[in-house]
Amino acid sequence: MGFETARRLASLGMHVIIAGNETEEGAVAVRRINEECSEGKAEFVFVDLTSLKSVRHFVQVFRDRSLPLHVLINNAGTMLVPERRTEDGFEFHFCLNYLSHFLLTNLLLDLLKESGRQGCCSRIINMASATHYAGEINLEDLHKRTVYSSHGAYSQSKLALVLFTYYLQEQLTTGGFSVTVNAVDPGMVDTALYNNLWTLAQMLKKPVASVLFRTPAEGASISVYAAVASEMEGVGGCYLYNGQKTQSSDQSYDSELQVKLWKKSCQLVGLQEA
């Protein structure tokens, strides 16, 4: 879905930086996009979102280019991974789906603020999931060390991303900055995200996917809408499903939990609280 998002944005004349950890796939994607698109262009820059060191290095590489930043799409994700830890000791889903995006966004936030202006806001899009409705945040055990469930870990990471979206938008609005943040739920999309399903589930998914699942291009259309649609200008703090503003989980609107998660996240990634 990331490829389809990048291809669509480049076709609209944008300079797209594809950040990822698969260098060969990234090179192929960039070549295809640049062959197809005459208006915009794409390039690939390596980042490993399971490593906070790599995230910081990516940000420095980007900053050294002295480029503006008008749109940031936090698209990367993983699902239903067996219990494992990152090099920083974080639960895998929590780091890849949320914490690395939290750090990346905060380290690039000043560039987004500088690039946005009234009537042409910079935009941040966080890729959410309906699984966040089943998510629970335990601030004392964010890394699921007590009892591990891959579904519980995934849904927690997605709930964290929605909580982050709402709190960040509140901070930006209070500060008067021309930056918006929205959470986008693309629905069920037939991507490699489902590769960690157990074998029988994989077999059952195949005939169902062609009927019920969206194609990557269809899924990408929702994030592209949030990134460029004129009707989304200046609109932030929303949960978008099918391009429509939708009510997210009750827990995601818990302002006290938003603040606590923000503070805890700052501690985990070594950021000074705003």
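Notes on the structure follow. (Residues numbered from 1 in each chain as written. Predicted model: local features only at pLDDT ≥ 70, side-chain atom pairs only at ≥ 80, totals over all residues. Heavy atoms only, no water.)

To continue, consider the overall build of the protein chain. The helix and strand inventory of the protein chain stands at 8 helices and 7 strands. Expressed as a percentage of its 274 residues, the buried residues of the protein chain come to 50%. A separation of at least 24 residues holds for 75% of the contacts in the protein chain among residues at least 6 apart in sequence. (Helix = DSSP H or I, 4+ residues; strand = E, 2+ residues; numbered from the N terminus. Buried < 20%, exposed > 50% of the residue type's maximum accessible area, 1.4 Å probe, protein only. Contact = heavy atoms within 4.5 Å.)

A separate point is helix α2 (residues 23-36). Along its 14 residues, α2 runs 20 Å from first to last C-alpha, staying within 8% of the 20 Å computed at 1.5 Å per residue. Every buried residue of α2 is listed here: Gly26, Ala29, Val30 and Ile33. The buried residues of α2 occupy one face: seen down the axis, they fall within an arc of 100°. Away from its buried face, by an angle of more than 90 degrees, α2 presents the exposed residues Glu24 and Glu35. Residues of α2 that are buried sit in contact with α1 (2-11), β1 (15-20) and β2 (41-46). (Expected span 1.5 Å × (residues − 1). Arc of directions from axis to C-beta.)

As enumerated under the stated definition, the model contains 9 aromatic pairs in all. Between tyrosine 98 and phenylalanine 102, the aromatic rings sit 5.9 Å apart at their centres with planes inclined by 45°, giving tilted as the arrangement. With tyrosine 98 and phenylalanine 102 both in helix α4 (residues 92-115), this residue pair falls 4 residues apart, about one helical turn. In this structure tyrosine 98 comes out as buried when scored by relative accessible area, which is 1%. Using a relative accessible area of 0% as the deciding quantity, one classes phenylalanine 102 as buried. (Phe/Tyr/Trp six-rings, centres within 6.5 Å; stacked < 30°, edge-to-face > 60°.)

Where strand β5 (residues 179-185) meets strand β6 (residues 238-241), 4 bridges bridge the pair, whose relative direction is parallel. By the bridge assignment for β6, asparagine 182 is matched with cysteine 238. One ladder, built from 2 bridges, connects β6 with strand β7 (residues 244-245); its direction is antiparallel. Across the sheet, leucine 240 pairs through a bridge with lysine 245, a residue of β7. (Pairing = 2+ DSSP bridges.)

The subject of this paragraph is the pairing of strand β4 (residues 122-127). Most of β4 sits out of view: 6 of its 6 residues are buried. Side-chain alternation along β4 places Ser122, Ile124 and Asn126 on one buried face and Arg123, Ile125 and Met127 on a second face that is also buried. Sheet topology note: the strand β3 (residues 71-74)/β4 ladder contains 4 bridges and is parallel. Residue pairing for β4: asparagine 74 is matched across the bridge by asparagine 126.

Within the chain, lysine 144 stands out as a residue other than glycine whose phi angle is a positive 55°. Secondary-structure assignment places lysine 144 in the loop between β4 and α5 (150-175). Judged by relative accessible area, which is 15%, lysine 144 ranks as buried. Even without being glycine, asparagine 242 reaches a positive phi, approximately 60°. Examined against the element boundaries, asparagine 242 turns out to sit in the loop between β6 and β7. Using a relative accessible area of 38% as the deciding quantity, one classes asparagine 242 as partly exposed.

Another aspect to go through is the sheet that holds β3. Across a sheet, strands are paired by hydrogen bonds formed along the backbone, either parallel or antiparallel in direction. Strand order across the open sheet formed by 5 strands is β3-β4-β5-β6-β7, with mixed pairing between neighbours. Since the sheet does not close on itself, it has two edges, and those belong to β3 and β7, each with one partner. Sheet strands in contact with α4 are β3, β4 and β5, and its direction is about 165° off that of β3. Its contacts with the sheet put α5 on β4, β5 and β6, and the angle it makes with β5 is roughly 160°. (Axes fitted to C-alpha atoms, helices over the stretch in contact; angles between N-to-C directions.)

For the pair α4 and helix α8 (residues 255-269), interaxial distance at closest approach is 10 Å and the crossing angle is 85°. With respect to each other, α4 and α8 are oriented roughly perpendicular. For the pair α4 and α8, contact is made by Phe94, Tyr98, Leu99, Phe102, Leu103 and Asn106 and by Leu261, Trp262, Ser265, Cys266, Leu268 and Val269, respectively. For the contact of α4 with α8, the per-class residue count stands at 10 nonpolar, 2 polar and no charged. (Parallel < 35°, antiparallel > 145°, perpendicular 65-115°, else oblique. Nonpolar A, V, L, I, M, F, W, Y, C, P; charged D, E, K, R; others polar.)

This part takes up the environment of glycine 243. Within the secondary structure layout, glycine 243 lies in the loop between β6 and β7. Given the relative accessible area of 17%, glycine 243 is considered buried. Linking glycine 243 and tyrosine 225, residues 18 residues apart in sequence, is a C-alpha distance of 7.0 Å. Among all residues touching glycine 243, those that are not within four sequence positions of it are Ile222 and Tyr225.

By themselves, these observations are geometric and do not establish any function.
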